[in-house]
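An overview of the molecular structure
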Amino acid sequence: MTTTFGYLEAWRAPDLRYPAPDQDRLNRRYRQLLAAGLVLLASVVSLWKLDRDASSWRDETVSYAVAKRTPGELWLLVQNIDAVHGLYYFLAHLVLGVWDDGILTLRVLSVLGTVTAVLGVYATGTRLGDPATGFLAGVAFLCVPQVQFYAQEARSYALVSAAVVWATWCFVRALLDGRRRWWAGYAGLLLLGGWLHVFSLLVVLAHAVTLWHGGHLRRLGHRWLMAIACVGCAVAPLAVVSAGQASAQLDWLGRPSLQDWLGFVVPAAVAAALGVVLRRQEGGEARAVTLSTLGVPLLIVPAGFLLTVSLAQPWYVDRYVLYCMSGLALLVGQALRHWQRTLRGEAASQRRRRKLYATAAVAFALISALGPWYWQMRSAASRTDTVESYWGLTVTVPGDPEAVLFQPARRRAWVLARPAVFGPLDDIALQQTPAASGTLYGVEAAPDDIRQRMLQHREINVLRDRPGQPLDNTPAEITKRAVLRQHYQLCWVIPVNGGESAIFIRRDAAATNPLCAPGRDIYS
């Protein structure tokens, strides 16, 4: 890498033999070369094993199933639930109207979002450093495991990151020259990010810290506040509706775990240390806009704020603030660039050789640690469950659909994307389909109706979570468990990734059913 950048630096270095226009053209080609290299690298990495061994998981099936609804059905949905993802669903609906290759199409949309975000990191690093710094920052962002994880996810988070990263670039441009078009671009991209996911607007807290630390509040604070006010007014309707839906939308979340805190504290400590070291190396005015004054708040402030709020109101999931990793990438890019310059400036060949060996050893250790992680996250086992593992677990005879019960009701997501694969099912508890009811998983019948319907069947195939998962305590779920416990015998279990198919036989028929033979292993 040192040799490559040394060559590129020499190629773009000023040369008095060439007129200035020629030198500008060389510099432009140099930047274009690095940008093209990043696009190619990000595309290859993000597309690698994109089909994930022909597997998908329940959140992705929800994205696909919802995006396949009509605009009217989508509008009904966001009025009831999941308004925070409404714009993404409408965008996915448009994309699937052009090219529908199943969930893979929506993953390609995330790949495009990731490539766009990587370019945004490159542009910001180039603006506050140089093209080599921007390139290294872009590579660092791409190497973040969470970034690669959501680059291959049929959800909105890669697109949110792209909007926030480019909004940050406009923010930097506005601070450097103050022209109104940059403030307009900043507001427009924040608006896009806010409508893709409300929590993307937490980035303005990081930008406020950068404004304050750089001493720009008095000079540019009024323009920033005007842009934020416009965005706030435009996103307020979505925020109000989403807040009203939060109790139903995020009821599965608990308060931040130790893993959540470690996932925040460790990168934050690294970023703070890098910020202190790099701040001493940065030239210019003491309070200028720099990569450290931008990157440290960008990594720490939004995620730290959401974690703190989640102590009282559990709302934190790392993917909601995925864009924060761009701050760490900017700092790492600057640190790598500084180290590269240190190596080039080392006069003593022996000392330079030792530093090169140390650099190679660190790089090898990182690749050894992250390589298996990169491979694992592209396997079916990397997700909470595998929808395809449920294919073939239901047996339907023409004219006699199998009785199926979902525990909890949201596990109906397993059949939403490809219902034809399962064939006709007698969904015992379902009262109204997801599309007709304007919900994600449909509306289930009243508890008494569910009880009566269940008792009509001698055999029920229960598609449910694996043992040990938290139990929903809604009246319908309590009724399902009570009826199965009192009137049915568990006779056969087929465990799969993230759940299981459990065959329950009514007690009055269990004695003659070979599946319920005494001593038989229910897992055999």
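Before reading on, note that the structure itself is shown above.
Being a predicted model, the structure only gives us computed values, none of them experimental.

A few words on a nonpolar patch on the surface. Residues L87, L191, L192 and W195 make up a contiguous nonpolar surface patch of roughly 290 Å² in combined accessible area. Mapped onto the secondary structure, W195 falls in helix α10 (residues 180-196). By relative accessible area, which is 32% here, W195 ends up partly exposed.

On to helix α11 (residues 203-213), then. Buried residues of α11: V203, V204, A206, H207, T210 and L211, and no others. Along α11, the residues classed as buried sweep out an arc of 155° about the axis, all on the same side. Structurally, α11 contributes buried residues whose contacts are with α9 (157-177), α10, α12 (217-249) and α14 (291-310). Two residues or fewer past α11, G215 is found with a positive phi of approximately 70°.

What follows covers the pattern of salt bridges. Working definition: two side chains of opposite charge can pair if their charged atoms are close together. Under the defined criterion, the tally for this structure stands at 18 salt bridges. Its salt-bridge partner being R107, residue E60 comes within 2.9 Å of it at the nearest N-O pair. Taken together, the positions of E60 in helix α3 (residues 58-67) and R107 in helix α6 (residues 103-128) put the pair 47 residues apart, joining distant regions of the chain. Using a relative accessible area of 2% as the deciding quantity, one classes R107 as buried. Two residues, R179 and D177, come together in a salt bridge whose shortest N-O distance is 3.3 Å. For R179, a relative accessible area of 40% gives the class partly exposed.

Glancing now at the packing of α3 against α6. α6 packs onto α3 with a crossing angle of 100° between their chain directions and a minimal axis gap of 9 Å. Here α6 runs roughly perpendicular to α3, going by the angle between their axes. Contacts between α3 and α6 involve E60, T61, S63 and Y64 on the former and, on the latter, I103, L106 and R107. Here the contact of α3 with α6 is built from residues that sort into three nonpolar, two polar and two charged.

Within a pair of aromatic rings, the relevant descriptors are the distance that separates the centres and the angle that separates the planes. Taken as a whole and assessed by the stated rule, the structure comprises twelve aromatic pairs. On the numbers, 5.7 Å between centres and 70° between planes, the contact of Y150 with Y157 is edge-to-face. Of the two residues, Y150 and Y157, neither departs from the other in class, the shared state being buried. Consider the rings of F199 and Y320, whose centres lie 5.7 Å apart with planes at 55°: the pair is tilted. Here F199 is found in the loop between α10 and α11, whereas its partner Y320 is found in the loop between α14 and α15 (325-345), with 121 residues between them in sequence.

A word on the state of the cysteines. This structure, assessed with the given rule, holds one disulfide. For the unlinked cysteine C143, the closest cysteine sulfur is that of C324, found at 19 Å.

Running from amino to carboxyl end, helix α13 (residues 258-281) crosses α14 at an angle of 160°, the nearest separation of the two axes being 9 Å. The angle between the axes of α13 and α14 places the two elements in the roughly antiparallel class. With respect to the hand of their crossing, α13 and α14 are arranged in left-handed fashion. Each of D260, W261, F264, P267, A268, A271, G275 and R279 in α13 lies in contact with α14, whose residues at this interface are S292, T293, V296, L299, I300, A303, G304 and L307. Of the residues that constitute the contact of α13 with α14, the class distribution is ten nonpolar, four polar and two charged.

Another point: the nonpolar core. As a rule of thumb, nonpolar side chains are buried together in soluble globular proteins. Counting residues in hydrophobic clusters, the biggest one holds 108 residues, and the most contacted among them are Y186 and L190. Those residues in contact with Y186, other than ones at most four positions away along the chain, are A167, C170, F171, V204, H207, W224, A227 and I228. By size, the runner-up hydrophobic cluster in this structure holds 16 residues, among which are A403, I460, A476 and Y488.

A separate point is α10. Taking 1.5 Å of rise per residue, 17 residues should cover 24 Å, and α10 covers 24 Å from first to last C-alpha, within 8% of that figure. Listing the buried residues of α10 in full gives W182, W183, Y186, A187, L190, G193, G194 and L196. Among the structural elements, α5 (86-98), α9, α11 and α12 are those in contact with the buried residues of α10.

Conventions used here
- Residues numbered from 1 in each chain as written.
- Predicted model: local features only at pLDDT ≥ 70, side-chain atom pairs only at ≥ 80, totals over all residues.
- Heavy atoms only, no water.
- Patch = residues over 30% accessible without salt bridge, like charges linked within 9 Å, V, L, I, M, F, W, Y side chains within 5 Å.
- Areas by Shrake-Rupley, 256 points an atom, 1.4 Å probe, with all protein chains shown as cover.
- Salt bridge = Lys/Arg side-chain N within 4 Å of Asp/Glu carboxyl O.
- Helix = DSSP H or I, 4+ residues; strand = E, 2+ residues; numbered from the N terminus.
- Buried < 20%, exposed > 50% of the residue type's maximum accessible area, 1.4 Å probe, protein only.
- Arc of directions from axis to C-beta.
- Contact = heavy atoms within 4.5 Å.
- Axes fitted to C-alpha atoms, helices over the stretch in contact; angles between N-to-C directions.
- Parallel < 35°, antiparallel > 145°, perpendicular 65-115°, else oblique.
- Nonpolar A, V, L, I, M, F, W, Y, C, P; charged D, E, K, R; others polar.
- Phe/Tyr/Trp six-rings, centres within 6.5 Å; stacked < 30°, edge-to-face > 60°.
- Disulfide = S-S within 2.5 Å.
- Left-handed = near helix turned anticlockwise from the far one by under 90°.
- Core = buried A, V, L, I, M, F, W, Y, C linked by side-chain atoms within 4.5 Å.
- Expected span 1.5 Å × (residues − 1).

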